[in-house]
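An overview of the molecular structure
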Amino acid sequence: QVQLVESGGGLVQAGGSLRLSCAASGSIFSINIMGWYRQAPGKQRELVALMRSFGSTNYADSVKGRFTISRDNAKNTVYLQMNSLKPEDTAVYYCNLKAIDPSARVYDYWGQGTQVTVSS
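Residues numbered from 1 in each chain as written. Predicted model: local features only at pLDDT ≥ 70, side-chain atom pairs only at ≥ 80, totals over all residues. Heavy atoms only, no water.

1. Overview of the pairing of strand 10 (residues 106-110)
Both strand 9 (residues 91-100) and strand 10 contribute to a ladder of five bridges, which runs antiparallel. Pairing of leucine 97 across the sheet is with tyrosine 109, part of strand 10. Turn length for the strand 9-strand 10 hairpin, with the two strands adjacent in sequence and antiparallel, is five residues, and the turn residue alanine 104 shows positive phi of about 75°. (Pairing = 2+ DSSP bridges. Helix = DSSP H or I, 4+ residues; strand = E, 2+ residues; numbered from the N terminus.)

2. Looking at the environment of leucine 85
Tracing the sequence through the fold places leucine 85 in the loop between strand 8 (77-82) and strand 9. C-alpha of leucine 85 to C-alpha of serine 62: the two residues are 23 residues apart in sequence and 11 Å apart in space. Aside from chain neighbours lying at most four places away, what touches leucine 85 is Val12, Ala14, Gly15, Gly16, Ser17, Leu18, Arg66, Phe67 and Val118. (Contact = heavy atoms within 4.5 Å.)

3. Structural notes on the layout of surface pockets
There is about 160 Å³ of room inside the largest pocket. Along the wall of the largest pocket there are 13 residues; nearest its centre are Arg38, Ala40, Lys43, Glu46 and Glu88. Partitioned by chemical class, the residues of the lining of the largest pocket number two nonpolar, four polar and seven charged. (1 Å grid on protein atoms, 1.4 Å probe; cavity = no way out; pocket = protein on both sides within 12 Å on 5 of 7 lines; lining within 4 Å. Points joined across faces, edges and corners; volume = space filled by probe spheres on them. Nonpolar A, V, L, I, M, F, W, Y, C, P; charged D, E, K, R; others polar.)

4. Thoughts on the state of the cysteines
Counted by the stated rule, this structure contains one disulfide. Here cysteine 22 engages in a disulfide with cysteine 95; their sulfurs sit 2.0 Å apart. Between cysteine 22 and cysteine 95, the S-S dihedral sits near -80°, and the bridge is therefore left-handed. With cysteine 22 in strand 3 (residues 18-25) and cysteine 95 in strand 9, this pair connects stretches of sequence that are 73 residues apart. Residues cysteine 22 and cysteine 95 agree in their burial class; the two are buried. (Disulfide = S-S within 2.5 Å. Buried < 20%, exposed > 50% of the residue type's maximum accessible area, 1.4 Å probe, protein only.)

5. What about the packing of aromatic side chains?
By the definition in use, this model includes one aromatic pair. The interplanar angle of 65° and the centroid separation of 5.1 Å between the aromatic rings of tyrosine 37 and tryptophan 110 together place this pair among those described as edge-to-face. Of this pair, tyrosine 37 sits in strand 4 (residues 32-39) while tryptophan 110 sits in strand 10; the two residues are 73 residues apart in sequence, bridging distant segments of the chain. The exposure class assigned to tryptophan 110 is partly exposed, which follows from its relative accessible area of 35%. In this structure, arginine 45 is placed above the aromatic ring of tyrosine 94, and the distance from its NZ or CZ to the ring centre is 3.7 Å. Over the face of the ring belonging to tryptophan 110 we find arginine 45, whose NZ or CZ atom lies 4.6 Å from the ring centre. (Phe/Tyr/Trp six-rings, centres within 6.5 Å; stacked < 30°, edge-to-face > 60°. Lys NZ or Arg CZ within 6 Å of the ring centre and 35° of its normal.)

Below you can see the structure in the form of structure tokens.
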């Protein structure tokens, strides 16, 4: 069974920085996608950034140039460095792992979420 444990959320002033971490444990297929989503009150969960096991990335337009996703495959850990934070970045941030088995079946896992609050 795969578990995702997030850390690094908190309260920060606008313009500040935070770094989120998410460590995956359990049996994880080598082909996978790790990423971050967020959900603000009253809004749908949205993609923030993701990184495939072979290194390619995708970012939401709203965070390009401010957030950087990275991963340590040896530790099954993904990071999200968030700089120049804005009040509109306030949300619960969720780590996500999509693991793909040899038959191309996708297994979807979520972390418990970590609160990020940006004050103006």
